[in-house]
Structure formats: structure tokens, C-alpha cells
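# Overview (structure and organization)
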Amino acid sequence: MKVLKFGGTSVGSVKSILSLKRIAESEARRQPIVVVVSALGGITDQLLSTSQLAVAGNESWKTSYEEMVDRHHKLIDTIINDPHDREHLFNKVDALFEQLHSIYFGVFLIHDLSKKTQDAIVSYGERLSSNIVSVLIRGSKWFDSREFIKTEYANGKNTLDSELTNKLVKDAFSDLPRVSLVPGFISSDRDTGEITNLGRGGSDYTAAIIAAALDADALEIWTDVDGFMTADPKVIKAAYTIDELSYVEAMELSNFGAKVIYPPTIYPVCIKNIPIRVRNTFNPDGPGTIIKNKVENDRKAIKGISSIKGTTLITVSGLSMVGVIGVNRRIFTALANHGISVFLVSQASSENSTSIGVRDEDADNAIQVLNHEFETEIEDGAMFPMHAESNLATIAIVGENMKHTPGIAGKLFGTLGRSGISVIACAQGASETNISFVIESQYLRKSLNVLHDSFFLSEYNVLNLFICGIGTVGGKLIEQIRSQYEELKEHSRLKLNVVGIASSKNAIFSRDGVDLDNYRELLKSSEPSTPEKLRDSILEMNIFNSVFVDCTASKDIAALYQSFLNSNISVVAANKIAASSKYENYARLKETALRRGVKFLFETNVGAGLPIIGTINDLRNSGDRILKIEAVLSGTLNFIFNEISADVPFSETVHRAKQQGYSEPDPRIDLSGIDVIRKLVILTREAGYRVEQEDVERSLFVPDDYFQGSVDDFWKRLPELDADFETQRKKLEADGKRWRFVATMEGGKTNVALKAVDSSHPFYSLEGSNNIILLTTERYKEYPMQIQGYGAGASVTAAGVFANIMSIANI
């Protein structure tokens, strides 16, 4: 035979209760079944809330009561087609509601609600639902669980009398009908016969007790999910159903917040080795999760991640605890005597403190109990008053194979540390089935996501991107991400999730990912944003594995980097401002990234997509030393000096550079050499030298007074320089030389200047807007390392930013 339990959601609507009927009747054709049902979804809570209204003398208890009557009546009218059955059922249900009304009315009159009365009130939920289902499933026989589920009162609560209950269950079902219908949750006191219950979730327990007593072939728990999930799917979209769990693993996950099964359910069937199958009433063909003694061919170290919100950590401490036997006994005895459950214990080996985890609702009582228990020691100064820390959450990673897999704890704490999440307390038993730890509640979502991803429970490795700037580079980057999205998912198991996009005026955010086909329209209709609002929105999302990508040239955006790095958000910058700013700021950003275990990458600050900065870092990290750097780093200036000729004067080349998109809208920015100076400063710093922009010697080719006044004034005056440039150009041509604007660093000394190079120099044949860099190192002295290629352009710059992003994904 088999026992089937259906939860509140399985009897809570017309659709679900008709699915229940089909499932039960199908199973009954194969073997006898016992069907255990909960109250209609939400009714238990409404029974309790109505009792509170009544005891407070609030007349609205009647409205709430009538709502419950109406809901049950409507359900019966819809699902019971036979008039005779419907009338018979209405009589039963109305008789129960009349009893319930009398109890509520009495509570309302005397303003008193005892535990005994409360237990009687909540029993009506299952008594009503089970009578409805017994009529719906033709040929079923209704059993009153109060007659065979017996409890005894001890230590302030009702507990199951297992021996008596097992005997009574066997007697009650000695002649087993094809379908037996039992209300879950409800029980009665073995001595007084008064109504009691097995606690919230007790319908699962009822089913397990019956299954164990009758040696059932299986216990099936029918609910509204497909089974145990690797994590809470409301938090982690990639969570999936676990096919098989051991009893121990299921118990651990249930105790730590997985609400699929009421934890005491597992014990009765475990000792009888009866498998439990968790199935979905709304997806009856799904395989669900099987819980059994031993899982075959189980190679996964981690089966699931579970969590408990509302944790308070209480620390009992004092020097007198060291080496004293019995302190922990007093802690747990005192708490147990007051009905306070402890779900986590962490003790230092020095024995001078013990931290215990309790639920927030028990915290004040627990502190009072322990302060009273150790009152004498606290007065003597031998122990300190209890210290409580709230606003915490507890997470557990569960899997029996952890004991066979070295390094799980190291990976766990390393993953959390890289995400900027501090562990306040942790606990692990010698069985190594469960590692539990306490964190601040604000980091719960982030912790669950990063752990799920790290332990390969997620189908994909996820990187969450905030992209700031949608101009030429930012727009191209988004286009490249969109075009590569499926390729990366399929072949690299990498999901690049763009969770935020900001323009200069607006910003949009979505945890599930922004629509990259429609982001410009979404931005137009979004709220206005400022750098400060952008920062606050990103930090409030507190999202895991996140990267801020700056495709702007904004000083205000560069000023946000420190906040992001401090919050363990990696930064990828096409923006040169931060890396070329004051050395203290540059060094602080680098140090913060290193300390927080995240990345501050800016490869495209120099040479667009060329691997210059990465190569310098690789050389230094492998023990080499950069002695000298010579480089042509301005694509704009290289274009100008390649274009200049007898037919094309200097002023015309500057016009062409602007028209073809090589120069800034104000070309004086390029002609002033500021951009090259910034790039040289960045390279020099990455080469290991301390330098400021002011330290760079500069020999410019445009007089200073041309940089004064408006852009229009500049364009008007620019042809004045043509004659002088043409004279110098002819001389260069006669000497077989060409102009190059060269950035040089040697021994930490830096300068930028317009230089003439002959045909033997590597810079001589540099075409178009290309960049070139020569690295002289201790290893590359005689023949410097040469890097050359496109040094400008939106596509190659975006590709360089993309490469930096991928390097973070591959950590």
C-alpha cells in the first residue's frame, strides 16, 4: 500500500483539488492508498487570525468567518456534481461551521483564548477539507485522525506518543479499504482526549506516522513544487530539482529552511527504510525527488543550499568558562526548559565563548533566560552579560559526499570572501554532511547566488554586468555581448547578464537582465539618473559576481570606482581618468582591488584592444623589469602625420582627422598631447614607477596660444601654421624621415615629443591610426619587444573591454 499526502495548495483551488482526485484514483487502481490532506491553502492562518479578532472583541471576526464559509461552499458547488452528494456534504460542512461559530462567539464574549481552545479552532481546517475530499473521491472512507494519532503533554508542549499511536493506527486500518481519507495535523491527548495537533506542517508528519505503522511501500508528499531544489528558486533562477537525496540530506535541508517537508516527517519512515517521493500536484508527470537510505552513483559533493532568515546570534562569554565543565550543559538545559530551540552552535577551542543561533522571535526570551542562569557569574565579573547580534541569516550547504571531498570548506569561505561577504560564525559536525554559517541578512541573496554558482549547481557561470556609457564604445560593446551571448552560453557555459545600463542622463536595472534589443528605448522612458543615484542603485542591488564597465570619459563616473571596489564589484574601464589621476588615487584603487579579491582592469586605456598593459603585467609578474618604453600612442596624431604632404597641408590633415572620427570634437585635446601624456603615465605606473602627469616633460608642436579661446578661433588660426610645417616637412622628406609623436619612459623619467624617425626605425612605417610600443626589459635588451596594431576605433576598443570582462569570468 501507499500513503499520499496533499498539502494546502493541492486542495486550495478547483484546479488543484481536481488534480488530486485524478492522482488518487489513478493510484488506487494499482494498490490501496491512504490519502492525508491539509486544510485549504491559507485557511489555517485565517482560523488563527479570526480567533485573534474575536478575543480582541473585534466584530470583524464575523466577516472573516463568513469568508471561510463562503470559500468552502463555493468549492463544493463547483466540484461536487451529484445533488445528493452535494446536499449530504453541505450538511456535514455546515454542522462543523456551526460548531466553529459557537467557539468564536464564546471567545468574543469572554475575551479569552486558551491553548486548548486555539487547538480546537485550528483543527477545523483539516476536518473540513478531508470531508470534502472524501466525497469527491468516490468509494473513499473517512477516518478521524483524533482516534489514532495520540500525544502526551511534556515540557510545555504536546509530543507524539509513538508506541500507542502505532498500535492504534494498525488497529484502525486492519481492514484497509481501497481509499482511506485522513485529516492531517490533528491529534488528541492520550489521557484527556482533548484536541491537540502535531504543529505547523504536521500533515506531513501524520502521513509519515501512518506509512511507518502500516509498513507502506512508499510515502508520497504532493505539493506545489517539483521536489527539493538545489536552492530557493525565488532567489536563484537557475535552481533545479534534485533527483535523489538521502534521509540525512533531506533532514538537513528541511531543518535549514527548505519548506518542502516538515522535518519530523523523515524519522518515522527512515527507520523503516520507506522511500519518500516529493511530487508536484500541478505537474503530476514530473519525476520529483526521491528520498531514501542510500543514493547510488552519487558523485556530487554538494546536494543543496538552504537558508534561515531572522537569525539572532547570542554569545555567552567569560574568562571563567575556560576549562570549566558543565557550562554548555547549563546553557542548553536552561534554554530547553523554556522551549527555546537552538539550531547552530559555534565554540572557540579556547572555551572562553560559545555562540548559539536562535530565531529572532526567541532572542529576547533566550537572553533573559541565560542572563538569569548565569546571574551570579555576571555579578562577580566572571562572565559577561549575554551579547546578541540580530539582522542575520544562516546558510547551510548540504551533501553527504562532502566528507569524501577535500577542500569544500576552503572553497566555500574563499568564494564568500571574494564576494566581500564576512562569515560571523560557522559550524560543522564530524559527519561533514552540513556546513552552516551566519552572515548579515543583507548579503543573503548575494551569498546564495555566488555559492550556487561556485559549486556548479548552476547550469551556467554567471557574470552580472553594469555598463555605463552607450556612445560609440559602449554601444559597440553591448552589440558584441548580444551577438556572442548564445555562443558563450553553449560553448563556455558562461552567461553574461547585463543587469544595468546607464547613459549620461538615465539608467535602467533588472536582476533578470536588460533586454539588449530594446535598451535604448527603455532608457528613454526610465527615470533620470546621476552618478550618485547610479552608485546607490548598483550597491543596493548587492548582486553577486558583478562588474562595473565604464565606457565614458567622465570624471564623475571614475570617482565611483572606489565605492564599487570596496563592495567587491570589479571595475573594467575604458575611461583613462582614474588610472592617470593622482598616484595616491591610482594606488588606492589597485590596492583595494587586490585586498578585496576583485579586479580593476583598464587594458583599453592604452592602445585600444592591443595587449599592452597585460603584457607589461605578465613581464613583471614573471620577474622581468621594464627599463624603457618607446611608443606612438595617439592614433589621431599618427593619422595627421601620415596624411601631411605637399598637397595636404597640416590644417587640412587636422580637418580630415575630425571628419573621419579619429580626433575629439575639439581637436586641441589631441594636439595638446594630454591624451598621450595620460597613456604614458598609465604605462609607466604599470611598469612599476611612480609618476604624475605634471612630471612628464613635453615638447609640443602647436604654440600654447592656439589652445586659448574658442574652437572656432582655433580653426580660423590653424592655417597660419601650414607654411612652417611645410618647410619642415620638405626637409624631413629630403632626409628620408617622417614625424612621429613619441612617448618615452626610461628609468622612470618620462617625456612626449614630436620626433623625426628614419627608415631604419620601427616607427617609420607605422600606417594610418595604428599604435606601436617598444618594451626594453632586462630580458629584452638587445631586441625590444614590439606590439603593434589598431590603436583607435570603437570596435577594437569595445573588443578590448570585452576581453577584460572575459578575463574576470575566467577567474
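This section reports on the structure supplied with the text. All of these numbers come straight from a predicted model, not from anything done at the bench.

## So, the environment of L370
Considering the arrangement of structural elements, one finds L370 in helix α11 (residues 360-373). Under the relative-accessibility criterion, L370 is labelled buried at 0%. A C-alpha to C-alpha distance of 40 Å links L370 and T223, two positions 147 residues apart in sequence. Apart from residues lying up to four places away in sequence, L370 is in contact with I314, V316, I331, L335, I356 and M386.

## Structural notes on the sheet that holds strand β5 (residues 157-160)
If you trace the four strands from one edge of the open sheet to the other, you get β5-β4-β7-β8, paired in mixed fashion. For this open sheet the edge positions go to β5 and β8 (195-197), each flanked by a neighbour on one side alone. When the angles between neighbouring strand axes are averaged without regard to direction, this sheet yields 50°. Judged from the three bridges that link them, strand β7 (residues 186-189) and β8 form a sheet pairing that is antiparallel. Note that in β8 the partner of S187 across the bridge is T196. Here helix α5 (residues 115-136) sits on the sheet and contacts β5, β7 and β8; the angle it forms with β8, its principal contact strand, is near 75°.

## Description of a nonpolar patch on the surface
Together, F105, L109 and I110 make up a nonpolar patch on the protein surface, roughly 310 Å² of accessible area in all. The class of F105 is partly exposed, set by a relative accessible area of 37%.

## What about a positive patch on the surface?
Taken together, the side chains of K234, K237, K259, K309, R359, R445 and R511 define a basic patch exposed on the protein surface. If you trace the backbone, K309 turns up in strand β13 (residues 304-317).

## Quick notes on the sheet that holds strand β30 (residues 785-790)
Strand order in the open sheet formed by six strands is β26-β28-β27-β25-β29-β30, and the pairing between neighbours is mixed. On the outer flanks of this sheet lie β26 (697-699) and β30, each paired with one strand and no other. Averaged over neighbouring strand pairs, the angle between their axes works out to 20° when direction is ignored. Relative to β30, strand β29 (residues 770-777) runs antiparallel, the two sharing six bridges. By the bridge assignment for β30, L774 is matched with Q786. Packing of helix α22 (residues 635-643) onto the sheet brings it into contact with β25 (626-632), β27 (737-746), β28 (749-758) and β29, and relative to β27 it is tilted by some 155°. Helix α27 (residues 722-735) rests against β27 and β28 of the sheet, and its axis sits at about 90° to β27.

## Digging into the packing of aromatic side chains
Inspection of every chain in the model, using the stated rule, returns 24 aromatic pairs. Among the aromatic residues, those joined into a cluster by ring pairs are F641, F650, F701, F725, W739 and F741. Positioned above the aromatic ring of Y124 is the side chain of R127, whose terminal nitrogen or guanidinium carbon lies 4.3 Å from the ring centre. Looking at R738, its charged tip hangs above the ring of Y764, at a distance of 4.2 Å from the centre.

## Considering the packing of helix α2 (residues 43-55) against helix α4 (residues 83-110)
Their axes nearest at 7 Å, the elements α2 and α4 cross at an angle of 35°. The element α2 and its partner α4 pack so that their crossing is right-handed. Contacts between α2 and α4 involve Q46, L47, T50, S51, A54 and V55 from the first element and L100, Y104, V107 and F108 from the second. Tallied by class, residues from the contact of α2 with α4 come to seven nonpolar, three polar and no charged.

## Observations regarding the side chain of S419
For S419, the location among the structural elements is in the loop between α13 (408-418) and β17 (425-428). Here S419 falls in the buried class, since its relative accessible area comes to 6%. Look past the residues within four positions of S419 in its chain and what remains in contact with it is K446, V450, N545 and N568.

## Brief notes about α13
Looking at α13, one finds that the buried residues are I408, L412, T415 and L416. For α13, the angular spread of buried residues about the axis comes to 95°, placing them on one side. The inward-facing, buried residues of α13 abut β16 (387-398), β18 (434-440) and α14 (444-454). The positive-phi residue at the C-terminal boundary of α13 is G420, with phi of around 75°.

How each quantity is defined
- Residues numbered from 1 in each chain as written.
- Predicted model: local features only at pLDDT ≥ 70, side-chain atom pairs only at ≥ 80, totals over all residues.
- Heavy atoms only, no water.
- Helix = DSSP H or I, 4+ residues; strand = E, 2+ residues; numbered from the N terminus.
- Buried < 20%, exposed > 50% of the residue type's maximum accessible area, 1.4 Å probe, protein only.
- Contact = heavy atoms within 4.5 Å.
- Pairing = 2+ DSSP bridges.
- Axes fitted to C-alpha atoms, helices over the stretch in contact; angles between N-to-C directions.
- Patch = residues over 30% accessible without salt bridge, like charges linked within 9 Å, V, L, I, M, F, W, Y side chains within 5 Å.
- Areas by Shrake-Rupley, 256 points an atom, 1.4 Å probe, with all protein chains shown as cover.
- Salt bridge = Lys/Arg side-chain N within 4 Å of Asp/Glu carboxyl O.
- Lys, Arg positive; Asp, Glu negative; His and termini not counted.
- Charge placed at Lys NZ, Arg CZ, Asp CG, Glu CD.
- Phe/Tyr/Trp six-rings, centres within 6.5 Å; stacked < 30°, edge-to-face > 60°.
- Lys NZ or Arg CZ within 6 Å of the ring centre and 35° of its normal.
- Left-handed = near helix turned anticlockwise from the far one by under 90°.
- Nonpolar A, V, L, I, M, F, W, Y, C, P; charged D, E, K, R; others polar.
- Arc of directions from axis to C-beta.

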